[in-house]
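Chains, contacts and geometry: an overview
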Amino acid sequence: MEELALHILDLVQNCAEAGASMVEITIIEDFSSNLLLIEIRDNGRGMSPEVLANVEDPFFTTRTTRHVGLGIPLLKAAAEQAGGSFVITSSPGKGTTVRAEFEHDNIDRAPLGSVCDTVVALLAVHPRLDLVYTHSVNGTEFVLDGREIREICGEDLNHPKIIQWLKSYIAEQEKQLGGDQ
Amino acid sequence: MKTVEDLRKLREEVQQMTKLRDGGAEVKIVVGMGTCGIAAGARETLNAFVQEIAVKSLSGVVVTQAGCVGLCDREPIVEVNAKDGRTIYARVTPEKARRIISEHVQGGRVIEDWVTRN
């Protein structure tokens, strides 16, 4: 994956498959502590300790169409190669939280990329998922709460014209925030 | 700056547009969004479809996602479900997505060169 934003997309796809109704994506950039943190928290069905123990292994997957599951190992590798860490916690029936930390200035850290494109793609294909996206850069925060958007747009939330509007809105906010691209 | 008020107005316009036509979706476009699809560029492909549908104000065309279907080497995979049946396209870039909209979805002609069989 060329962008960390693509890892985020991939992991939220897991959340959706795990039956989550709510997903919180949090990105924290703090230059003074040289930190880039990505956290994805869902309220899906969670994993048993046995599954959790295997989930970082690329040759473990719950799917049947192929025999490798690369999503989590890829993000873990991306964090570890950038002087960071990767932690996944889960409890059955409650949900799963993935937390990846990176050294912000590490030369081997992949660029964050377009989180805007990731968020609009998720809104377009999972209109019923409550998506809360928070991006903080040195203490300044942008929050996009999918529940507030649904309150305004109802079932038209993923209408292509609404999605296009959200895309330019998020891009505008991200530009102001001035985080990693 | 864009405001919530703009979004409210846009929603009203969208509601007026959708009121003019009845019935469900006529064309369903499914983009493969497993790890393999995403790594191969499915996000850009998906967003290109959505953008093209918005720009052309097409109604009755929905875009949705599927997981990995085991054709990882040919991602991004896109399935078009229309009146002419089910067509599976391989290695769909944003550029190809725009042509699928104009030629297949709007023009009713399957682009045979890009079709893949499973």
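Along every chain, residues carry numbers that run from 1 in the direction the sequence is written. The lettering of chains begins at A and the numbering of ligands begins at 1, in the order of writing. Predicted model: local features are reported for residues with pLDDT of at least 70 only, side-chain atom pairs are reported and counted for 80 or more only, and whole-chain, interface and lining totals are derived from all residues. With hydrogens and water stripped out, all remaining heavy atoms of the structure feed into the side-chain values.

**Topic: the interface of chain B and chain A**
Under the convention used in this document: We call two residues in contact whenever any of their non-hydrogen atoms come within 4.5 Å of each other. Accessible area that two parts lose when put together, with a 1.4 Å probe and added across both, is what the buried area reports. What makes a salt bridge here is a side-chain nitrogen of Lys or Arg within 4 Å of a carboxyl oxygen of Asp or Glu, nothing more.
With 35 residues of chain B at the interface, the matching set in chain A holds 40 residues. Across the chain B/chain A interface, buried area totals approximately 3300 Å², and carbon plus sulfur atoms make up 65% of it. Looking only at chain B, the three residues that lose the most surface to chain A are Lys 2, Arg 11 and Arg 43 of chain B, adding up to 23% of its buried area. Across the contact surface, chain B and chain A share 4 salt bridges. Residues Arg 11 of chain B and Glu 155 of chain A are paired through a salt bridge, measuring 3.3 Å at the closest nitrogen-oxygen approach.

**A short note on helix α6 (residues 160-177) of chain A**
Residues and elements named next belong to chain A. Put simply, the test is: Under the DSSP-based scheme used, a helix requires at least four consecutive residues in state H or I and a strand at least two consecutive residues in state E, with every element numbered from the N terminus. The span you would expect from a helix comes to 1.5 Å times its residue count less one. Whether a residue is buried, partly exposed or exposed follows from its accessible area with a 1.4 Å probe, protein chains only, as a fraction of its type maximum: under 20%, in between, or over 50%, in that order.
Taking 1.5 Å as the rise per residue, α6 with 18 residues should run 26 Å; its terminal C-alpha atoms sit 25 Å apart, in good agreement. When we look at burial in α6, the residues that qualify are Pro 160, Ile 162, Ile 163, Gln 164, Trp 165, Leu 166, Lys 167, Tyr 169, Ile 170, Gln 173, Glu 174 and Leu 177. Phi turns positive one or two residues past the end of α6, at Gly 178, with a value near 70°.

**With respect to the packing of helix α1 (residues 4-17) of chain A against helix α4 (residues 115-125) of chain A**
All names here are of chain A. This is how it is decided: Between N-to-C directions, angles cover 0 to 180 degrees, with each direction set by a line fitted to C-alpha atoms, over the stretch in contact for helices. Orientation is classified from the angle alone, with under 35 degrees giving roughly parallel, over 145 giving roughly antiparallel, 65 to 115 giving roughly perpendicular, and any other angle giving oblique. We call a crossing left-handed when the near helix sits turned anticlockwise from the far one by less than a right angle, and right-handed when that turn is clockwise. Residue type decides the class: Asp, Glu, Lys and Arg count as charged, Ala, Val, Leu, Ile, Met, Phe, Trp, Tyr, Cys and Pro as nonpolar, and the leftover types, Gly among them, as polar.
The contact between α1 and α4 brings their axes to 8 Å, and the two run at 20°. For the element pair α1 / α4, the angle class is roughly parallel. Our pair here, α1 against α4, has a crossing hand that is right-handed. Side by side, α1 and α4 meet where Ala 5, Leu 6, Ile 8, Leu 9, Val 12 and Gln 13 of the first sit next to Val 115, Thr 118, Ala 121 and Leu 122 of the second. Grouping the constituent residues of the contact of α1 with α4 by class yields 8 nonpolar, 2 polar and no charged.

**Points about the sheet that holds strand β1 (residues 27-32) of chain B**
All names here are of chain B. Inclusion rule: Whether two strands pair depends on DSSP finding at least two bridges between them.
Strand order in the open sheet formed by 4 strands is β2-β1-β3-β4, with mixed pairing between adjacent strands. Where the open sheet ends on each side, the last strands, each with one partner, are β2 (61-66) and β4 (85-89). Ignoring strand direction, the axes of neighbouring strands in this sheet form an average angle of 20°. Two elements, β1 and strand β3 (residues 78-82), share 4 bridges in a ladder whose sense is antiparallel. When the bridges of β3 are listed, Val 31 appears paired with Val 78.

**So, the environment of Ala 66 of chain B**
Residues and elements named next belong to chain B. In this structure, Ala 66 sits in strand β2. Taking the relative accessible area as the measure of exposure, Ala 66 reaches 24% and is therefore partly exposed. Ala 66 sits 54 residues away from Glu 12 along the chain, and the two C-alpha atoms are 30 Å apart. Setting aside anything within four residues of it in sequence, one finds Ala 66 in contact with Val 30, Val 31, Gly 32, Met 33 and Gly 34.

**Some details on helix α5 (residues 146-153) of chain A**
The condition is simple: Here the arc refers to the set of directions running from the helix axis out to each C-beta atom. Counting of polar contacts relies on pairs of N or O atoms within 3.5 Å, with two restrictions inside protein: one atom must be capable of donating a hydrogen and the other of accepting it, and residues adjacent in sequence are counted only when both atoms are side-chain atoms.
All of the buried residues in α5 of chain A are Gly 146, Ile 149, Ile 152 and Cys 153 of chain A. An end-on view of α5 of chain A places all buried positions within 120° of arc, on one side of the element. Turned more than 90 degrees off the buried face of α5 of chain A, the exposed positions are Glu 148 and Glu 151 of chain A. On its buried face, α5 of chain A sits against β5 (130-137), β6 (140-145) and α6 of chain A together with α1 (4-19) of chain B. Between the side-chain oxygen at the start of α5 of chain A and the backbone nitrogen of Arg 147 of chain A there is a gap of 2.9 Å, and the oxygen is on Asp 145 of chain A. One or two steps after α5 of chain A, the chain reaches Gly 154 of chain A, where phi turns positive at roughly 55°.

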